[in-house]
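Fold and geometry: a report
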Amino acid sequence: MTVAPQRPPSIVGNGPAVHAPRQAPPPHPARSVWARILGRPTGSTGDRPLVVMRHVSKVYPNGKVALREVDLGIPEGDFVFLVGPSGAGKSTLIKLLIRDEIATSGDVILDGQNLARIKRRAVPKVRRRIGIVFQDYKLLPQRTVWENVAFALEVTATPSRLIRPAVDRVLAVVGLTGQARQLPATLSGGEQQRTAIARALVHDPRLIIADEPTGNLDPLISWEILQLLLRINELGVTVLMATHNADVVTALRRRVVALEEGRIARDQVGGAYHRED
Amino acid sequence: MIGFIAFSVRRAWQGFWRNAVMSFAATATMILMLLLLSGFWVLQSGLNATLQFVEQKVEVVADVRGSASLDQVNALAAEVRALPEVASVEFVDPEAALARFRARLAEQGREDITQYLDRNPLQGSLEVKLRDAAVFGTVVDVLRNRTDVVSGVKEIQKLVDDVLAITGVLRTAGVIVILLVGLTVLFIIVNTIRLAVVARAEEIEIMRLVGASDGFIRWPFVFEGALVGLIGAGVTLGLLALVAPSLGRLMFDVFTVLPLEFGTLARDLAILVLGAGLGLGVFGSWVSVRSYLIR
Ligand SMILES: Nc1ncnc2c1ncn2[C@@H]1O[C@H](COP(=O)(O)OP(=O)(O)O)[C@@H](O)[C@H]1O
Ligand SMILES: [Mg+2]
């Protein structure tokens, strides 16, 4: 039930599998051939904010103020870098979006739904619409690549006949078809992260949130992962990526939201990692 | 739905063996508790049966051997009747005893289980009523000395007093002991399952992140608790089945619970043990996963 796409067509659906994420970065904005073939209204930025944060503050129970009066809108189809020094509040902002934490004040609205107001029971459904990727991959060591990806569907009541084709398709998208039967420990860091991305994609989400996904990877592999996220974005999926990687951010000239001590210090399309003035 | 149950059962099974030591500790404690529970329950049933028997208001009863001849019995009856403190003596032969037992079953609205028997399992007995219920020493002595005719003597008045005293003590002591042991078992099961939950904290975190609903997180652990309960109940019933023959004889001798009644008693006991084991296991694990669900 979770696999059946509500909005046609899906990236994990009928599109031909894309391999080897080593090509040059595609031209911005994301109105590529792909997008047109797939018919998803990408690039229609501004019409329809997928994420809205209004005057959001977060104070942890110990009194630590992690976010102060944050205002942020992310239109559907956007690719946003979230930068800032360690402790600036990036992970906290992400936890609010996946409703792992609840804002102390202000509204966090995901696809029109106020996350503070939804019932506890509705939380899993919200999470299925978001793909989440972490620095430490969070793979299950005793399961193969294929099983790790299938796990996300297995635990969300997906009929088993739908699991196999969905997993095979996302593994093709991230280029891991050949490694499907391997355990995470036998993979490189980049392959492990691609497995995690495949798992994030398998529910066919509208939003991918990645919290420092390249934090444990060397520069070349980091580029690979970034290429993959960019291509996923081209297919119409909104991407929010928290990162420390200044080279990547500056080279790509995408939208950059910079946090400093819990405040948005800068929100700039085509921005660099560091302030340029 | 079937996928969900299969998923939960598979993970419960894996979980049970992954924490084998704690699982066995929990199961062993469960068995101990269930055995205690069974013991108290059997005692209680025995005492109730005795009280019922006592209500017949006969003061001394002598079981008559099947080997004794009618002449011998009548002679003994005459001898006892001649004693000054005796009001009346009646010989209830095995047929009459069976008829009386049937009447008692009918009175209680229960099925006549005696129809399944190929022979009468009951003994005849001499029932003595006394003028003064307090004086039965001589009667008992006389009856007891005739071992060729009499296989056992029950002093009812004394029995009534004893039974009432014991029942009172047992009721309170039993409830207290079972409560204490039950709480211990609950504590151990909660901790076993909690260990299992902690061991899989990472897996649970991933489940929550990919949008698993509470049921997918909770039920594997609940099934794991149920498994501990089921195995505990199974082993307990196995142990009880081993001692059942001697227990049955003991119950008959001490409490006058007939082998027939022992059958229904065993069935009730099986239900009690299974229910208590399963209930404790499920409740214990339900409590221990609560804190790991979505806040
Ligand atoms: N659960 C928590 N309880 C208390 N303080 C926290 C908690 N999580 C994060 N913090 C604090 O909030 C601030 C922001 O943290 P975080 O969002 O993790 O920053 P970043 O991801 O940008 O490094 C830090 O000072 C951190 O110590
Ligand atoms: Mg962080």
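Residue positions within a chain follow its written sequence, with the count starting from 1. Key to labels: chains lettered from A, ligands numbered from 1, both in the order written. Confidence filtering applies because this is a predicted model: local features only for residues at pLDDT of at least 70, side-chain atom pairs given and counted only at 80 or more, and all residues used for totals across whole chains, interfaces and linings. Hydrogens are left out, water is left out, and the side-chain values use all remaining heavy atoms of the structure.

**Description of the overall build of chain B**
A count of helices and strands for chain B gives nine helices and four strands. For chain B, the succession of helices and strands along the chain, N to C, is α-α-β-α-β-α-β-α-β-α-α-α-α. By residue count, 45% of the 295 residues in chain B fall in the buried class. Throughout, a residue-residue contact means that at least one pair of heavy atoms, one from each residue, lies within 4.5 Å. In chain B, 86% of the contacts between residues at least 6 apart in sequence involve partners at least 24 apart. Just so you have it, chain B exposes about 14,700 Å², and 66% of that area is on carbon and sulfur atoms. In DSSP terms, a helix is any run of H or I states spanning at least four residues, a strand is any run of E spanning at least two, and both are numbered starting from the N terminus. With a 1.4 Å probe rolled over the protein chains alone, any residue whose accessible area is under 20% of its type maximum counts as buried; one over 50% counts as exposed, and the rest are partly exposed. All accessible areas in this document rest on Shrake-Rupley with a 1.4 Å probe, and a residue is counted as covered only by the protein chains that are shown.

**Looking at the overall build of chain A**
The helix and strand inventory of chain A stands at eight helices and ten strands. If you take every contact in chain A between residues at least 6 apart in sequence, the share linking residues at least 24 apart comes to 71%.

**Some points on helix H5 (residues 137-145) of chain B**
All names here are of chain B. Within H5, the full set of buried residues consists of Val139, Val140, Val142 and Leu143. For H5, the buried positions fall inside an angular range of 165° around the axis, keeping them on one side. Looking at the buried side of H5, the elements it contacts are strand E1 (60-64), helix H3 (70-81), strand E2 (86-92), strand E3 (124-130) and strand E4 (150-155). An arc is given here, and it is the one of the directions from the helix axis to the C-beta atoms.

**Points about the side chain of A:Asn114**
Residues and elements named next belong to chain A. Topologically, Asn114 is positioned in strand E5 (residues 113-114). Side-chain atoms alone can form a polar contact between residues adjacent in sequence; in general such a contact is a pair of N or O atoms within 3.5 Å, and within protein one must be able to donate a hydrogen while the other accepts it. Among the polar contacts made by the side chain of Asn114, one reaches the main-chain amide nitrogen of Ala116 at a distance of 3.0 Å. When near neighbours in sequence (up to four residues on either side) are disregarded, Asn114 contacts Asp107, Val108 and Ile109.

**Concerning the nonpolar core**
Residue and element names in this part refer to chain A. In terms of nonpolar packing, the biggest core is built from 87 residues, with Phe81, Val167, Leu171, Ile197 and Ile208 touching the most fellow members. The residues contacting Leu171, other than those within four sequence positions of it, are Val145, Trp146, Val149, Leu176, Thr177, Ala180 and Ala198. Within the second largest apolar cluster, 33 residues are counted, among which are Leu82, Ile130, Phe134 and Leu259. To form a nonpolar core, buried Ala, Val, Leu, Ile, Met, Phe, Trp, Tyr and Cys residues must be joined to one another through side-chain atoms within 4.5 Å.

**Section: the interface of chain A and chain B**
Counting from both sides, the interface comprises 23 residues of chain A and, opposite them, 20 residues of chain B. By convention, the term buried area covers the 1.4 Å-probe accessible surface removed from two parts as they join, with the contributions of both added. Counting the surface lost from both chain A and chain B, the interface buries some 1,800 Å², and carbon and sulfur atoms represent 57% of this. Contact with chain B buries area across many residues of chain A, yet A:Arg120, A:Arg127 and A:Val155 alone supply 29% of it, more than any other trio. Salt bridges, as used here, are contacts in which a Lys or Arg side-chain nitrogen is within 4 Å of a carboxyl oxygen on Asp or Glu. At the junction of chain A with chain B, the criterion picks out five salt bridges. Those elements giving two or more residues to the side of chain A that touches chain B turn out to be helix H3 (123-128), strand E6 (130-134) and helix H4 (145-154) of chain A. Among the elements that line the side of chain A that touches chain B, the one with the most residues is H3(A), at four residues. Classifying every residue of the side of chain A that touches chain B by side-chain character gives eleven nonpolar, three polar and nine charged. Under this grouping Gly is polar, as are all residues other than the nonpolar Ala, Val, Leu, Ile, Met, Phe, Trp, Tyr, Cys and Pro and the charged Asp, Glu, Lys and Arg.

**Some remarks on the site of ligand 1**
Residues and elements named next belong to chain A. Here a residue counts as near a molecule or strand whenever at least one of its heavy atoms sits within 4 Å of it. Neighbouring ligand 1 are the residues Tyr60, Asn62, Lys64, Ala66, Pro85, Ser86, Gly87, Ala88, Gly89, Lys90, Ser91 and Thr92. Within the contact set of ligand 1, an oxygen atom lies 2.8 Å away from a backbone nitrogen or oxygen of Lys90. Contacts to ligand 1 include Ser91, whose side-chain N or O atom sits 2.7 Å from an oxygen atom. The protein chains hide 69% of the 560 Å² of surface that ligand 1 would expose on its own. In terms of residue count, helix H2 (residues 90-97) provides more of the shell around ligand 1 than any other element does, three residues in total.

**Here's the deal with a nonpolar patch on the surface**
Residues and elements named next belong to chain B. Distance thresholds for patches are 9 Å for like charges and 5 Å for nonpolar side chains (Val, Leu, Ile, Met, Phe, Trp, Tyr), applied to residues having over 30% relative accessible area and no salt bridge. A grouping of Leu35, Ile231, Val235, Leu239, Leu242 and Val243 is seen on the molecular surface, where their side chains present a nonpolar patch of about 470 Å² in accessible area. The dominant element in the nonpolar patch, judged by the number of residues it contributes, is helix H8 (residues 214-255), at five residues. Within the secondary structure layout, Ile231 lies in helix H8.

**Focus on H2(A)**
Residues and elements named next belong to chain A. Most of H2 is tucked away, with six of its eight residues classed as buried. Considered for burial, the residues of H2 that qualify are Lys90, Thr92, Leu93, Ile94, Leu96 and Leu97. Remark: Arg99 follows H2 within two positions and exhibits a positive phi of approximately 55°.

**Side note on the sheet that holds strand E2 (residues 65-75) of chain A**
Residue and element names in this part refer to chain A. DSSP calls a pair of strands paired once it identifies at least 2 bridges connecting them. Across the sheet, four strands lie side by side as E2-E1-E4-E5; this open sheet has antiparallel pairing. The open sheet has two edge strands with one neighbour each: E2 and E5. As judged from the seven bridges shared by strand E1 (residues 49-59) and E2, these two strands associate in the antiparallel manner. By the bridge assignment for E2, Pro49 is matched with Pro75. To obtain each axis, a line is fitted to C-alpha atoms, and for helices this fit is confined to the stretch in contact; angles are then taken between N-to-C directions over 0 to 180 degrees. Running over the sheet, H2 touches E1, E2 and strand E4 (105-110) and is turned about 120° from E1.

**A closer look at the pattern of salt bridges**
A complete count under the given rule lists 17 salt bridges over all chains for this structure. Across the pair A:Arg206 and A:Asp111 runs a salt bridge whose closest N-O atoms are separated by 2.9 Å. Of this pair, A:Arg206 sits in the loop between helix H6 (189-201) and strand E7 (207-211) while A:Asp111 sits in the loop between E4 and E5; the two residues are 95 residues apart in sequence, bridging distant segments of the chain. Note on A:Arg206: relative accessible area 13%, which makes it buried. Notably, a salt bridge pairs A:Glu154 with B:Arg10, separated by 3.0 Å at the nearest N-O pair. With A:Glu154 in helix H4 and B:Arg10 in helix H1 (residues 2-18), this pair bridges two chains. The class of B:Arg10 is partly exposed, set by a relative accessible area of 43%. Here the residues in one salt-bridge network are A:Glu76, A:Asp111, A:Arg129 and A:Arg206, joined through shared partners.

**Thoughts on the confidence of the model for chain B**
Values of pLDDT, ranging from 0 to 100, describe the predictor's confidence in every residue of the model. On average, chain B scores 80 in pLDDT, and the residues at 70 or more come to 89%. Within chain B, no element has a lower average pLDDT than helix H6 (residues 156-199) of chain B, which sits at 75, and none a higher one than helix H7 (residues 201-209) of chain B, at 88.

**Notes on the packing of H6(A) against helix H7 (residues 219-234) of chain A**
Helix packing for two helices is described by the angle between their axes and how far apart those axes are. All names here are of chain A. For the pair H6 and H7, interaxial distance at closest approach is 10 Å and the crossing angle is 15°. The angle between H6 and H7 places the two elements in the roughly parallel class. Where H6 crosses over H7, the two elements pack in a sense that is right-handed. Of the residues in H7, those in contact with Gly190, Gln193, Arg194, Ile197 and Leu201 of H6 are Ile221, Glu224, Ile225, Leu228, Leu229 and Ile232. Throughout this description, any angle smaller than 35 degrees is read as roughly parallel, any larger than 145 degrees as roughly antiparallel, any in the 65 to 115 degree range as roughly perpendicular, and the remainder as oblique. By definition, turning the near helix anticlockwise from the far helix through less than a right angle yields a left-handed crossing, and turning it clockwise yields a right-handed one.

**Re the packing of aromatic side chains**
Between 30 and 60 degrees the pair is tilted, below 30 it is stacked and above 60 it is edge-to-face, where a pair is any two Phe, Tyr or Trp rings, Trp via its six-membered ring, whose centres lie within 6.5 Å. Counted under the stated rule, the structure contains nine aromatic pairs over all chains. Ring geometry for B:Phe4 versus B:Phe216: centroids 4.6 Å apart, planes at 70°, classification edge-to-face. Placement of B:Phe4 in helix H1 and of B:Phe216 in helix H8 is noted, with a sequence separation of 212 residues between them. For the pair formed by B:Phe4 and B:Phe216, the shared burial category is buried. Aromatic rings pair up to connect B:Trp13, B:Phe16, B:Trp17 and B:Phe24 into one cluster. For a ring to carry a charge above it, either NZ of a lysine or CZ of an arginine must fall within 6 Å of the ring centroid while also lying within 35 degrees of the normal to the ring plane. Here A:Lys138 stacks its cationic end above the ring of A:Phe134, 5.0 Å away from the centre of that ring.

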